[in-house]
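Each chain, letter by letter, is given below.
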Amino acid sequence: MRSLVCAVVVCGASGLVAQTPRWVPAAGGGMTTTRGVMTSPPASVVAGRSWTALHAVEDRTRPVSVSSGGGRGGMFTTSRPEDRRVGADAGGDAKFKVVYVVLESQYQASMTAAVESINTGDSGVTCECVGYLLEELRDADNVEAFKKDLADANVFVGSLIFIQELADIVVEAVTAERDRLDAVVVFPSMPEVMRLNKVGTFTMSTIGQSKSVVSEFMKSKKKEDGSSFEEAMLKLLRTLPKVLKYLPGDKAKDAKSFMMSFQYWLGGSPENLRSMLLSLAATYVPAVQPRADLVQNEENHYVEEPVLLPDTGIWHPMADAVFEDAASYFDWLDREHASFAGLATDAPVVGVVLQKSHINTGDAGHYISLISELEARGAKVVCVYSGGLDFSGPIKRYFFQNGLVKVDSVINLTGFALVGGPASQDHPKAVETLTSLGVPYLVAVPLVFQSFQEWEASELGLHPVQVALQVSLPELDGAIEPIIFAGREGVTGKSVPLDDRISVLAQRSLKWAALRRKENKDKKVAVTIFQFPPDKGNVGTAAYLDVFGSILSVAKELKRKGYSLPDELDDMDAEALMDMVLNDKEAKYDSPSLNVLYRMPVDEYQRLTPYASELEANWGPPPGNLNSDGQNLVVYGAKLGNVFIGVQPTFGYEGDPMRLLFSKSASPHHGFAAYYTYLEKIFEADAVLHFGTHGSLEFMPGKQVGMSGACYPDRLAGTVPNLYYYAANNPSEATIAKRRSYAATISSLTPPAENAGLYKGLKELSELVSSYQGLRENAARGPSIVNSIVAAAYSCNLDKDLPAEITSLESYDAAKVSLDERDTVVGLVYRKLMEIESRLLPMGLHTVGVPPSAQEAIATLVSIAEIDRPEDDVVGLPRIVAKSLGRPLEEIYRNADEGVLADVELLQKITLAVRASVKALVDASTDADGRVKEVTPMAKLMASAPVFGKLAVPYRKALVDSGFAKAADDAALTPLFEYLEFCLNQVVADNELGALVEALDGVYIEPGPGGDPIRNPKVLPTGKNMHALDPQSIPTSAAVDCAKRVVDKLLDKLKTVGDDGAVAYPESIAFTLWGTDNIKTYGESLAQVMELVGVRPMPDALGRVNKLQLVPLEELGRPRIDVVVTCSGVFRDLFINQMNLLDRAVKLAAEADEPLESNFVRKHAIEQAKEMGVSVRQAATRVFSNAAGSYSANVGLAVENGGWESEAQLQEQFVGRKGFAFDSDRPGMMNQQTDLFKAALSTVDVTFQNLDSSEISVSDVSHYFDSDPTKVVQGLRKDGRKPMAMMADTTTANAQVRTLAETVRLDARTKLLNPKFYEGMLASGYEGTREITKRLKNTMGWSATSGEVDNFVYEDANDTFIKDPEMQKRLLDTNPNAFRDMITTFLEANGRGYWDTDDENIERLQDLYQEVEDRLEGIQA
């Protein structure tokens, strides 16, 4: 047997030349392996047919250009349908025309070859064929051409049409011609597209609507084994004879024709497709029917039986056959191929999942390139495929042998979810399969809708539809590292391997595999901590995480697992570890006071960092001024044996106004690049562990999703596995880290929560309110107590949260008002106190590996118990109690909010009863150490004491003791408390250290959702590979319902009623949309926007939310409110398809033919179109964000670092950086439209944001004020009026809408000014002091952007932290840099006019600043 040489010439760095892999004869026998070159015996024989590599990869001697083919193309691609037209010049009287639409282009070459084969044959039949990629139908010109082609076509073929708005186009166009067409064959697609099928008398017109033999078979298979539509069709093929016997003769014949066509299509080769086309034409096309006998005569070989690969198997381009069992493959691999390829017996084994259609259609060049690369790097490869889109079976069948896992890592090259592909997924089945396999699971992505050059030139990166289908969905399976590995050649549609991406993918998969084989004592781990903002005591920054305590916990666990760490670690505490890393915890980011571990000479840096010269345009020649001693680049950190703890360098442009404004084009500085060069090439880390939320790596410049080798996150991450402890409540930014820096995230808990409680004057005020009830009817003392309550409320600054007519001490006298009016005053004060008291407050900082105690879990469980969960058949406890009283819960909420004293008291009584019941549940499972080791089921308690009935069950007894005996009998308590038992188990469970250890052993990390554990307890336990959600699933119907309630409350607060009774509404509201918020709430704020404009989001036939319906004005009952939507950079990355939905919704409203007084969207769009000389549709642009790859307005950075001169500068930053418009007519293109942005903002009456979680509020992070446009709008409005600033608070079951000022006051009272909060933080020492300062700084940020911070907030904070000498000392001793920052913030707030105070306070601050400076400089007073 002569051998063949595989010459793999792949696309080089220039992207200009690529040659498809090809097999050519080689001299001599045997096989050798070199980089990119393989030799081997010829490939396989299947079913009597030669399936050689020549078939798998078309033999070409001419270079294949990667150009797009030129000319006008689709909206995302410059490919042209005309490039797929073949046979147009063919003549003859037996000619037929075929038009096809497909999702991907791999069928193009086979269809072209099939048609050419027909036209050059001697059957007398000729064919014209033209194909459209689904995405090309976004282009109006292409749609017209498509309709024109259909008008004289005979046969239409469609496959994988799963994008709703494009499916609608296909359905409309084909429906218009369906009756005239001779045959319509549609393979797995959306139901409405499948209903187009027409093959003689066989149709699928009732699919999804009524019973048919075929549809019933599909349903039965799905019920039996969860089969997807395509899987069920494959099973139907195999059982076709059984099904056909139930059909009448003609229908049986036509059904067989359809199913045979599907078999040919799945076969994919030119021969199979030729047979399919000729068979359909001879049977159904009148012009060809006279030649049917000739065409279908078996002896003539025009139409032959389908030639198919087995449904599943192991494929290797060098093998003689497809293998249908693992034993025979591994026997061939070890006995023949490994020796030819020079592979060691104990070589790592990489499992690869392939798409069968690429093998069938001869479009496997990109697959062969990766196989070649892996084998050239010394790995064995096991490539499996499935005939359908469920790959769990092949994994279970072929990646195990004799019960043992045979692979060390897995790469899925299909880009799809493991089970179900693009249409419907079964993530639990996928997770079960991957957990049983237990190895790292990478899903790489081939470009489908873009040519190589288009992707390379795109700031956006990967096409938005691919992001949704081939990045977001695999993440739910636990997939990591969405590396682009292949492009598409524009003219032929062939897949082209991308050389550098193939190399990166191979290296990263092998380094993950190496973790399974390397002994722990030899593994090196690089722990990376952050410092943000730089300077001022911020080394070790991470949201709500005790970083150094957590690192110590990790290091000790690794030592127990056999990692090489020194014995001194056993007695080390967190303070000692911190001193070791910082050398001086009073750290300054550009100072040698940080411990310098390594000095990297410039020549070494340049030699080891290939892109070093590219950084010079921004930073000059190395070493530069950052992370430099003037001669060398320095790496800060410390080593403990084989564990390095390093400090990630800063962005580098903090405090520089121009870089903050234009940082989109920035690059990392030399010190940043040197740090990651050190990790990979000098320290030689086996894995990097980024510690906490969050660092800078994932936010470095580069594509939004789908990194290229020129993107800085990709360059910096290199080839080292990246593990990342990320806060469980922040799935959106964690997802950015997964996609842009290839992080495998491990979720970590946020601190346990407690109720904020009352303190100082608020507590005294509460006692006054309590005394009122007994004396309310006392004619003398009742009014006197009310006057005292009002005075005390005034001294606590609560007067600002009460109606103006009752809070003026000069005019208010309780004796002059009625008893009911006094009750209302007291009720309003009481309600405000309870609002403050019950607010959840994160306590201290979390340490990795330390779960909350039983008592610490109670407040979280109480909040879980308050929420109705209809999807789980769980009724919230407050609703159960209210029902026992015969009261609707909403009525109690509403009355309490309005100050109805009896219902304020009742609501507080219900709240206390809920707390008591949940505490009883927890106490029953708490051990002597205050921990929950095992939850005691309530059913067990009842069984042990049946005689005592409900009193034997602690939570029922607690309700009885609280005065709600009837509620204690409610049957709804049983499912609620069973759910709470499950949640308690989740809350106190812990796998943060276990998941890390397993990940370092190369074990698959179980995926889990991120978000708010109160809304979704499945976020817990932590230690999961965190993911977001299917972006096409939001907003959910529940989110739409919640959104309507919030919008109704908002408009109730904002609308005014004139003297004539006319109701006036705000005309325009500016919205801010956040990624994490929409993940946690399943799209509530997204739905709020659509509710305001009066557009209803609708699911398609597959349940994906991508359809819209204009709500009639009569049903809406009010005008359509205009909106201006500013999306965070993270929202843009995760939900660009929802931005499409929003833009379509606004434009739908703008183009509605309605009165302008009832449609403010249309009113403003018409005005702005006239002013700007654009169309109404263009003027209705209302969805904005950052440029692709850019994040935030940088207002927060400027405030945090003091790098701003005036508010005008902040406003310019906001407009400049957030003014990139999204246009659904060109989806995915973010174009700067500053004038449109300003025009839209200039009409805004109200600014609005949402708070969805008690863990993150307005002062906890800078994000909220960073995106606040309140003062921006004021500057743009023609009347100069400041818009009203509002916030929705959906952190509790009783959603609230407040002014921004109210929200800031509430947040300050419950956190910054609350002893429970700041004492909890101070207990954490160095990091806790920083957290207090951060909240003061963020409060000042709100002053800068909105002017909605009351003076008393600064005054009371000054009294708390500055006036008290003992507090001064505590802050100075724990973190002098953070304390200095606090002093600076007070002085800055005064200097900028945000805080009016006396000279004594300012002088004290100035003296204190100098004292701290002296302390930091080592000068003794």
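Residues numbered from 1 in each chain as written. Predicted model: local features only at pLDDT ≥ 70, side-chain atom pairs only at ≥ 80, totals over all residues. Heavy atoms only, no water.

A. Just the overall build of the chain, in detail. On a plain count of helices and strands, the chain comes out with 59 helices and 46 strands. For the chain, the residues scored as buried account for 64% of the 1421 residues in total. Put simply, 75% of the contacts in the chain that link residues at least 6 apart link residues at least 24 apart. Accessible area of the chain: about 48,500 Å², with a carbon and sulfur share of 51%. (Helix = DSSP H or I, 4+ residues; strand = E, 2+ residues; numbered from the N terminus. Buried < 20%, exposed > 50% of the residue type's maximum accessible area, 1.4 Å probe, protein only. Contact = heavy atoms within 4.5 Å. Areas by Shrake-Rupley, 256 points an atom, 1.4 Å probe, with all protein chains shown as cover.)

B. Broad picture of the pattern of salt bridges. By the definition in use, this model includes 88 salt bridges. K559 serves as the salt-bridge partner of D570, at 3.7 Å between the closest nitrogen and oxygen. With D570 in the loop between helix 20 (547-560) and helix 21 (574-582) and K559 in helix 20, the pair connects residues that are 11 residues apart, well separated along the chain. For D1350, the salt bridge goes to R1305, with nearest N and O atoms at 2.7 Å. Of this pair, D1350 sits in the loop between helix 55 (1326-1345) and helix 56 (1351-1361) while R1305 sits in helix 53 (residues 1300-1310); the two residues are 45 residues apart in sequence, bridging distant segments of the chain. In this structure, D1350 and R1305 share a single accessibility class: buried. (Salt bridge = Lys/Arg side-chain N within 4 Å of Asp/Glu carboxyl O.)

C. Focus on the pairing of strand 15 (residues 349-355). Along strand 15, 7 of the 7 residues are buried, which leaves the element largely enclosed by surrounding structure. Because side chains alternate across strand 15, one face comprises the buried residues V349, G351, V353 and Q355, and the other comprises V350, V352 and L354, equally buried. As defined by bridge partners, strand 15 adjoins strand 16 (residues 380-386) across 7 bridges and the pair is classed as parallel. Each residue of the ladder has a partner; that of G351, found in strand 16, is V382. Of the pairings in the sheet, the one linking strand 15 to strand 19 (residues 409-412) comprises 4 bridges and is parallel in character. Looking at strand 19, one finds that V352 is bridged to I411. (Pairing = 2+ DSSP bridges.)

D. Local environment of the packing of helix 20 against helix 39 (residues 992-1000). Put simply, helix 20 and helix 39 touch, their axes get as near as 11 Å, and they point 55° apart. What the angle tells us is that helix 20 and helix 39 run oblique. The handedness of the crossing between helix 20 and helix 39 comes out as right-handed. Within the contact between the two elements, helix 20 uses S553, V554, E557 and L558 and helix 39 uses L993, L996, V997 and L1000. Residue composition of the contact of helix 20 with helix 39, by class: 6 nonpolar, 1 polar and 1 charged. (Axes fitted to C-alpha atoms, helices over the stretch in contact; angles between N-to-C directions. Parallel < 35°, antiparallel > 145°, perpendicular 65-115°, else oblique. Left-handed = near helix turned anticlockwise from the far one by under 90°. Nonpolar A, V, L, I, M, F, W, Y, C, P; charged D, E, K, R; others polar.)

E. View of the packing of helix 56 against helix 58 (residues 1376-1391). Running from amino to carboxyl end, helix 56 crosses helix 58 at an angle of 150°, the nearest separation of the two axes being 12 Å. In this structure, helix 56 meets helix 58 at a crossing whose hand is left-handed. Contact residues: Y1354, A1357, N1358 and F1361 in helix 56; F1379, M1382, F1386 and A1389 in helix 58. Here the residues of the contact of helix 56 with helix 58 sort into 7 nonpolar, 1 polar and no charged.

F. Structural view of helix 21. Buried within helix 21 are the following residues: L577, M578, V581 and L582. Each buried residue of helix 21 lies within a common arc of 120° when the element is viewed along its axis, so the set occupies one face. Against strand 24 (525-529), helix 20, strand 26 (632-640), strand 27 (643-647) and helix 55 lie the buried residues of helix 21. Residue N583 follows helix 21 closely and has a positive phi angle near 70°. (Arc of directions from axis to C-beta.)

G. Focus on the sheet that holds strand 23 (residues 495-497). With mixed pairing, 3 strands are arranged side by side in an open sheet as 21-22-23. A single partner strand is all that each edge strand has here, and the edge strands are strand 21 (445-446) and strand 23. Set on the sheet, helix 19 (residues 499-517) makes contact with strand 22 (484-488) and strand 23; between it and strand 22 the angle comes to about 155°.

H. Expanded view of the packing of aromatic side chains. Within the structure shown, the criterion is met by 35 aromatic pairs. When the centroid spacing of 5.7 Å and the interplanar angle of 75° are considered together, the rings of Y329 and F330 count as edge-to-face. Here Y329 falls in the buried class, since its relative accessible area comes to 0%. Since its relative accessible area comes to 5%, F330 is described here as buried. Where F1184 meets F1237, the ring centres are 4.5 Å apart and the plane angle is 35°; that geometry is what we call tilted. (Phe/Tyr/Trp six-rings, centres within 6.5 Å; stacked < 30°, edge-to-face > 60°.)

I. Local environment of the environment of H316. Here H316 shows up in the loop between strand 14 (312-314) and helix 12 (326-341). On a C-alpha basis, the gap between H316 and I368 in space is 8.5 Å, while along the polypeptide they are 52 residues apart. Here the side chain of H316 touches E375 through a polar contact of 2.9 Å, side chain to side chain. (Polar contact = N/O pair within 3.5 Å; in protein donor to acceptor, adjacent residues only side chain to side chain.)

J. Geometry of the sheet that holds strand 14. With mixed pairing, the 5 strands of this open sheet are ordered in space as 14-16-15-19-20. A strand with exactly one partner marks an edge of an open sheet, and here the two such strands are strand 14 and strand 20 (441-443). In this sheet, adjacent strand axes meet at a mean angle of 20° when their direction is disregarded.

K. Layout of the pairing of strand 30 (residues 743-748). For strand 30, a buried count of 6 out of 6 residues is recorded, marking the element as mostly surrounded by other parts of the structure. Sheet analysis places strand 29 (residues 722-727) next to strand 30, joined by 6 bridges and oriented parallel. Pairing of L723 across the sheet is with A744, part of strand 30. One crossover worth recording links strand 29 to the parallel strand 30 by way of helix 27 (residues 731-740), and it is right-handed. (Right-handed = clockwise from strand over helix to strand, strands pointing away.)

L. Fine view of unusual backbone geometry. In the segment running from L1020 into P1021, the intervening peptide bond is cis, with an omega of -10°. Locating P1021 in the fold gives a position in the loop between strand 33 (1007-1009) and strand 34 (1025-1027). A cis amide bond, omega 0°, links I1034 with the succeeding residue P1035. Relative to the assigned elements, P1035 resides in the loop between strand 34 and helix 40 (1037-1054). With a phi angle near 55°, L160 is a residue other than glycine that sits in the positive phi range.

M. Local environment of helix 39. Most of helix 39 sits inside the fold, with 7 of its 9 residues counted as buried. The set of residues buried in helix 39 consists of E992, L993, A995, L996, V997, A999 and L1000. Taken together, the buried residues of helix 39 touch helix 19, strand 24, helix 20, strand 28 (687-691), strand 29 and strand 30. Of the residues flanking the end of helix 39, it is G1002, one or two places downstream, whose phi is positive at about 70°.

N. Quick peek at the side chain of S159. The topology assignment puts S159 in strand 10 (residues 155-159). A relative accessible area of 8% places S159 in the buried class.

O. Quick peek at the environment of E733. Within the fold, E733 resides in helix 27. Exposure remark for E733: the relative accessible area of 8% places this residue in the buried category. When neighbours within four sequence positions are excluded, E733 is seen to be in contact with H694, F699, Y726, T1076, V1130 and H1263.

P. Inspection of the side chain of S357 at higher detail. Checked against the element boundaries, S357 lands in helix 13 (residues 356-360). Under the relative-accessibility criterion, S357 is labelled buried at 12%. Excluding its chain neighbours within four sequence positions, the residues that come into contact with S357 are Q106 and Y107.

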